[in-house]
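Observations on chain architecture
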2 protein chains.
Amino acid sequence: MSDRNRAVTIADVAARAGVSQASVSRVLNGKQSVDPAIVQAVQAAITALGYTPSVAARSLVHGRNDTIAMVVPDLENPLFQGILRGLSRAAAADGYRVLVADTAEQVDEEEATALEARHRCDAIVLCAPRMPEERLQRLVARIAPVVVVNRPLPGAQVPIVGVDYARGIRDLVDHLHGLGHRRFAFLSGPELSASNAERLRGVADAVAAEPGITIDVIEGGSRLDDGYEAAEYVDAARREGVTAVIAFNDLVALGLMTRLRELGVEVPGDLSIAGFDDVPMARFATPPLTSMSVPRGEIGAQVWTRLRTLIAGGPIEHTVLYRPRLEARESTSRV
Amino acid sequence: MSDRNRAVTIADVAARAGVSQASVSRVLNGKQSVDPAIVQAVQAAITALGYTPSVAARSLVHGRNDTIAMVVPDLENPLFQGILRGLSRAAAADGYRVLVADTAEQVDEEEATALEARHRCDAIVLCAPRMPEERLQRLVARIAPVVVVNRPLPGAQVPIVGVDYARGIRDLVDHLHGLGHRRFAFLSGPELSASNAERLRGVADAVAAEPGITIDVIEGGSRLDDGYEAAEYVDAARREGVTAVIAFNDLVALGLMTRLRELGVEVPGDLSIAGFDDVPMARFATPPLTSMSVPRGEIGAQVWTRLRTLIAGGPIEHTVLYRPRLEARESTSRV
DNA sequence: CCCTGCTGAGAAACCGCTTTCTCGCTGAGA
DNA sequence: TCTCAGCGAGAAAGCGGTTTCTCAGCAGGG
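Residues numbered from 1 in each chain as written. Chains lettered and ligands numbered in written order. Predicted model: local features only at pLDDT ≥ 70, side-chain atom pairs only at ≥ 80, totals over all residues.

An unreviewed UniProt entry lists chain A under the name LacI family transcriptional regulator, with Agromyces albus given as the organism.

Written out as structure tokens, the structure reads:
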């Protein structure tokens, strides 16, 4: 864009090489056979002039530009970072580039950002955990081809790749149950978060399935501070008999542990704590944090296969959910 | 791009409104006065047809698209995340959008990625801490307008915004010196990293300025693991009399502290430890980590003011370096 | 009442590239 | 030797907008 540097167009190259624009284009794309002498001349002209084709012109003509966009609410979230990595690698293998648009948690912006992004890219990977369902439905219809990440969308005409949070929570409860815990607290995430709702479903399932256990739900959030600030409530619950806490995610768990230490509560001696996501910091915490690991890169790769199918005009493939894997560490122990 | 949905072009709108394309364009851009009746008709047609102008066509014609790209080596680095935030906010205020291209630490890709990005955006914010200087010089010339972040580039025709790492290290050494420390270790970062070189310069300055102190340099890295793995060497240095360690960044410091705890080394009792960057996790560590805070959002905003000037055809403004601020916490104490 | 100047809408050129269409040329088959 | 298919290069038509140019229509001044 706005190239002071490159006033050089395909016409300049053609002129210098003494051939037509069409020939230059053919050489560039290598689709048809062209006289080796012309190829020579064109390539010489290109390097001499330092020519690079205009992306805008190119995408105007074929209506695509081999670029997809990933719209995320929060680039600081290690989950999205990992998915982005996996997605970028997979897409790159097919000659596609990935751009990122961070909506900074502004739900209102997500819609505009996604539409905007869709305008300059061939497809969208959408992470919008807080967008109301019906708005999301409408949006998804407008920006197809699109793959939705990490939230359910009943009956939607869109591929979904995500994490089975409910199952993960259940597995985590089972782990703790096996350690003898019966009274739990769940430190919940953002109220509107879809993945929090899934986790809560897991909590409910666990209570229903496992007779004799109780799970208190304490309001939390999604960041370090939220965990830190919830510690007093958690401690109060502990005094009432809770022996294990499941936090919305690792950051919350880490913040919680920090404050508990200040309060003199020993982990896991007085209280077992588990997180979710298995962020890199988890195993470096004091004590190392038990967490549920999700295959971030794998999710990204899977998103790409679905998106590629869609771009090629294929069908909407089935939803796939990854089951988190328990990473038992020292923050949880026998009661 | 590739719009199955939107086959609707400006011509369709014009036809439906019964006016010329030119009028539709005028209504869209509001540059000239047009008959209110036409405005009405056009707007009605637009909403009826769900028309949205093609970004590609638009950028083809005026050679710009009000979008800039930030090229980063590692989106997981909280520093870049913060800068991105600040940049996005500032640019948004002027109607610009920011896209992100992550080069995944592949130095070889940085060049291609930056060129690519420059093709679809009006300007570039370049973070390339490991790219050899002369290559960077050439690249910068090709992708102007561009602002370089967080690395010096002597004599370059490009605005630079960064952190005064050398000064930060000196201030940190002074802090520790004030606590009575005389023998230090610096756990260095990636060998080719420009900011590591700056830090090493700070180390050298400190040794030169402060008689009677020594600073051993231990090879490290930039991530949690690197700190963890360097712990044995650090511990050995401690046995030889080192009382304070300055890590390349907070992640390294956190990894180091984890391993030291396993080794039974008390922080700060046996050894004071400081990091750099003041990442969110720093104050939640055990013990809370002394660090040098850098104004990430502010840097991003400053980058934008410089880039905006450049885009508007203004001069290359002077380099600006932010001086990190000491956040003294409990990981450092009197010797 | 006629001429001039101005406003605003439509026609058309153009941004830089791809792709179809056309046509000259070559070589094979009759 | 002549015809015709086939190949490859150039001309030209878009892709979807913006912007210049042109010109009709109107108001104001002489």
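Secondary structure summary: chain A contains 12 helices and 12 strands in total. The C-alpha atoms of chain A give 26 Å as radius of gyration, which overshoots the globular expectation for 335 residues (20 Å, by more than 25%). By principal-axis analysis of the C-alpha atoms, chain A measures approximately 85 × 40 × 30 Å. Within chain A, the proportion of its 335 residues that are buried is 51%. (Helix = DSSP H or I, 4+ residues; strand = E, 2+ residues; numbered from the N terminus. Rg over C-alpha atoms; globule rule 2.2 N^0.38 Å. Buried ≥ 20, exposed ≤ 12 C-beta atoms within 10 Å, placed from the backbone.)

This brings us to the protein's contact with DNA strand D. Taken together, 26 residues sit near DNA strand D, with Ala22 and Asp35 of chain A together with Ile10, Ala22 and Ser25 of chain B positioned nearest. For the surface near DNA strand D, the elements supplying multiple residues, two or more each, are helix H2 (21-29) and helix H4 (55-62) of chain A together with helix H2 (21-29) and helix H4 (55-62) of chain B. For the surface near DNA strand D, the per-class residue count stands at 13 nonpolar, 10 polar and three charged. (Near = placed C-beta within 6 Å. Nonpolar A, V, L, I, M, F, W, Y, C, P; charged D, E, K, R; others polar.)

On to the environment of Val100 of chain B. With respect to the secondary-structure elements, Val100 of chain B resides in strand S2 (residues 97-102). Val100 of chain B sits 29 residues away from Val71 of chain B along the chain, and the two C-alpha atoms are 6.0 Å apart. Not counting chain neighbours up to four residues away, the residues in contact with Val100 of chain B comprise Leu99 and Val100 of chain A together with Met70, Val72, Leu75 and Leu84 of chain B. (Contact = placed C-beta atoms within 7 Å.)

The next thing to look at is the sheet that holds strand S7 (residues 214-218) of chain B. Hydrogen bonds between backbone atoms are what pair the strands of a sheet, whose relative direction is either parallel or antiparallel. Residue and element names in this part refer to chain B. The four strands are arranged S7-S6-S8-S9 in an open sheet whose pairing can be described as parallel. Where the open sheet ends on each side, the last strands, each with one partner, are S7 and strand S9 (272-274). Here the strands of the sheet are splayed against their neighbours by 20° on average, with no regard to which way each runs. In terms of strand pairing, strand S8 (residues 244-247) meets S9 through three bridges, oriented parallel. Across the sheet, the residue bridging to Ile246 is Ala274, located in S9. (Pairing = 2+ DSSP bridges. Axes fitted to C-alpha atoms, helices over the stretch in contact; angles between N-to-C directions.)

Think of it as a corkscrew move, a rotation about one axis and a shift along it, taking one chain copy to the other. Once turned by 180° and shifted 0.0 Å along the axis, chain A lies on chain B with an RMSD of 0.1 Å. In symmetry terms, the pair is related by a two-fold rotation axis. When the interface residues of chain A are mapped onto chain B, 100% of them again fall at the interface, so both copies present the same face. (Least-squares fit on C-alpha atoms with pLDDT ≥ 70 in both.)

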